Amino acid sequence: MIGLGIETSCDETSLGIVKDGKELLSLKIFSQIDLHKPFRGIVPEIASRAHLEKINPLLSEVLEESKLKLSDLDYVAVTRSPGLTGSLMIGAQLARSIHAIHGTPIVPLCHLQAHFAVLQLEGVEPVFPVLGLLLSGGNSAIYKIPHFGKMEVVGDTMDDALGEAFDKVAGLLSLPYPGGPPIEKEASKYNPSPKEKDLLPPLLRNLEQDRVAFSFSGLKTAVSHLIAKQPDLSVPAVCYHFQKTAFELVERNLKRAVSITGIKRIVAGGGVLANSTLRARLSGFAKKNSLEFFSPQKKIYCTDNGAMVATLGYYLFQQGYSKSLDFTVSPVRQETYI
């Protein structure tokens, strides 16, 4: 079964073709980072125009690389939520156009769920239930996933997501946008002394034990105060303590989520998982607590991409979920299909 995945939720235009939900035939991504870099954030109008300009050339590229025609597709999976409405509409219109010409069933889906399906392309079999940890520029959340097509929120973002906090702290330190890679690079240069105290206050440590929540807005403010009070503090030191404090909250939330749900199999995704320090910490955390932990080995699978959309689309389509032209896009996540 051959499926095309279309992802245009934010600042990546991406198309991927997947066979039987586990074999990647082609994946193309156009990143808009350079377009948004002058503004240190996503400009919705620029994003939607870039999707419009790039989506047809990318379609030609994935078809050529996979040696397929549009008529060979069994389904077209497309991100319908969440995201920027104008950007989502570009992908949706391509899916509708393919359906109108070839009658190809459309599988409109939530790309947040797709982050947890992409591991099938690396040979990780879908064994449910699992806890899904999502850390990206717009989302920091933990979900209970009983099967593909349904997820239940265990803990969500109260304000800034982790990726957004990276970008804002990078701005405070005059580091490039996006902030994840330069902050990780600077933090790796710092060697703390064994007895060094934390320079930043712990996040949500007094939160009730039966509640899971992410909040990084206060951490950004704390970094700002730290820089003002200790102007001679090195950039690597600030970056190290920022990451340490942020990642400790991720670990505490995972521990609470496991305690609440009893689920010991964790899958993780989202752009922040490209951070090698975080991946190492979470792997160590899982081993220490006798948990199974999986995250994409290829960093390209961490970011939004068409391959993950095609992969989730395969499982949803197998369960009988598809649409024709009668679907809408939405900035709000969709948690249940089947």
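Everything numeric in this text was worked out from a predicted model, so none of it was measured.

This part covers the domain arrangement of the chain. Its domain assignment divides the chain into domain 1 (2-118 + 303-319) and domain 2 (127-300). For domain 1 and domain 2, the distance between their C-alpha centres works out to 27 Å. Taken residue by residue, the interface counts 21 residues in domain 1 and 25 residues in domain 2. Each partner contributes to the roughly 1,700 Å² buried at the junction of domain 1 and domain 2, and carbon and sulfur atoms together form 68% of this total. Connecting domain 1 to domain 2 are 0 salt bridges. The interface formed by domain 1 and domain 2 includes 3 residue pairs in polar contact (both at pLDDT 80 or more). Contributions of two or more residues to the side of domain 1 that touches domain 2 are made by β3 (23-31), α1 (33-36), α4 (111-117) and α10 (306-318). Broken down by element, the residue count for the side of domain 1 that touches domain 2 peaks at 5 residues, all from α4.

Attention now moves to α10. With 13 residues, α10 should reach 18 Å at 1.5 Å per residue; the first-to-last C-alpha distance of 18 Å fits that figure. Counted residue by residue, α10 has 12 buried out of 13 residues, so it is predominantly covered. Burial in α10 covers these residues: Gly306, Ala307, Met308, Val309, Ala310, Thr311, Leu312, Gly313, Tyr314, Tyr315, Leu316 and Phe317. Those residues of α10 that are buried are in contact with β1 (2-7), β2 (12-19), β3, β4 (75-81), β5 (106-110) and α4.

Looking now at the packing of helix α5 (residues 162-172) against helix α8 (residues 235-261). Where α5 meets α8, the axes come as close as 12 Å, and the angle between the chain directions of the two elements is 170 degrees. Considering their axes alone, α5 and α8 lie roughly antiparallel with respect to each other. Counting all contacts with α5, which are made through Leu162, Ala165, Phe166 and Val169, the residues of α8 involved are Phe242, Gln243, Ala246, Phe247 and Val250.

This brings us to empty space enclosed by the protein. All told, the structure shown has 2 cavities of 30 Å³ or more when counted by the stated rule. What the largest cavity holds in volume is close to 90 Å³. Forming the walls of the largest cavity are 13 residues, and the residues nearest its centre are Phe116, Gln120, Pro126, Val130 and Val267. For the lining of the largest cavity, the per-class residue count stands at 10 nonpolar, 1 polar and 2 charged. Volume-wise, the second largest cavity comes out at about 30 Å³. Along its surface, the second largest cavity is lined by Gln113, Phe116, Ile145, His147, Phe148, Gly149, Lys150 and Met151. Listed by contribution, the elements that provide at least two residues to the lining of the second largest cavity are α4, β7 (140-147) and β8 (150-157). Taken together, the residues that form the lining of the second largest cavity break down as 4 nonpolar, 3 polar and 1 charged.

Attention now moves to the packing of aromatic side chains. Evaluated as defined, the whole model comprises 9 aromatic pairs. Between the aromatic rings of Phe166 and Phe242, the centroid separation amounts to 5.0 Å while the plane-to-plane angle is 85 degrees, which identifies the pairing as edge-to-face. Placement of the pair is Phe166 in helix α5 and Phe242 in helix α8, with a sequence separation of 76 residues. You can call Phe242 buried: its relative accessible area is 0%. Ring centres 5.4 Å apart and planes at 50 degrees place the aromatic pair Tyr190 and Tyr240 in the tilted group. With Tyr190 in the loop between α6 (180-187) and β9 (212-214) and Tyr240 in helix α8, this pair connects stretches of sequence that are 50 residues apart. By way of ring pairs, the aromatic residues Phe128, Phe148, Tyr314 and Tyr315 are connected into one cluster. In this arrangement the basic side chain of Lys54 is found over the ring face of Phe30, its NZ or CZ atom lying 4.7 Å from the centre.

Analysis parameters
- Residues numbered from 1 in each chain as written.
- Predicted model: local features only at pLDDT ≥ 70, side-chain atom pairs only at ≥ 80, totals over all residues.
- Heavy atoms only, no water.
- Domains from an automatic or database assignment.
- Contact = heavy atoms within 4.5 Å.
- Buried area = accessible area lost by both parts, 1.4 Å probe.
- Salt bridge = Lys/Arg side-chain N within 4 Å of Asp/Glu carboxyl O.
- Polar contact = N/O pair within 3.5 Å; in protein donor to acceptor, adjacent residues only side chain to side chain.
- Helix = DSSP H or I, 4+ residues; strand = E, 2+ residues; numbered from the N terminus.
- Expected span 1.5 Å × (residues − 1).
- Buried < 20%, exposed > 50% of the residue type's maximum accessible area, 1.4 Å probe, protein only.
- Axes fitted to C-alpha atoms, helices over the stretch in contact; angles between N-to-C directions.
- Parallel < 35°, antiparallel > 145°, perpendicular 65-115°, else oblique.
- 1 Å grid on protein atoms, 1.4 Å probe; cavity = no way out; pocket = protein on both sides within 12 Å on 5 of 7 lines; lining within 4 Å.
- Points joined across faces, edges and corners; volume = space filled by probe spheres on them.
- Nonpolar A, V, L, I, M, F, W, Y, C, P; charged D, E, K, R; others polar.
- Phe/Tyr/Trp six-rings, centres within 6.5 Å; stacked < 30°, edge-to-face > 60°.
- Lys NZ or Arg CZ within 6 Å of the ring centre and 35° of its normal.

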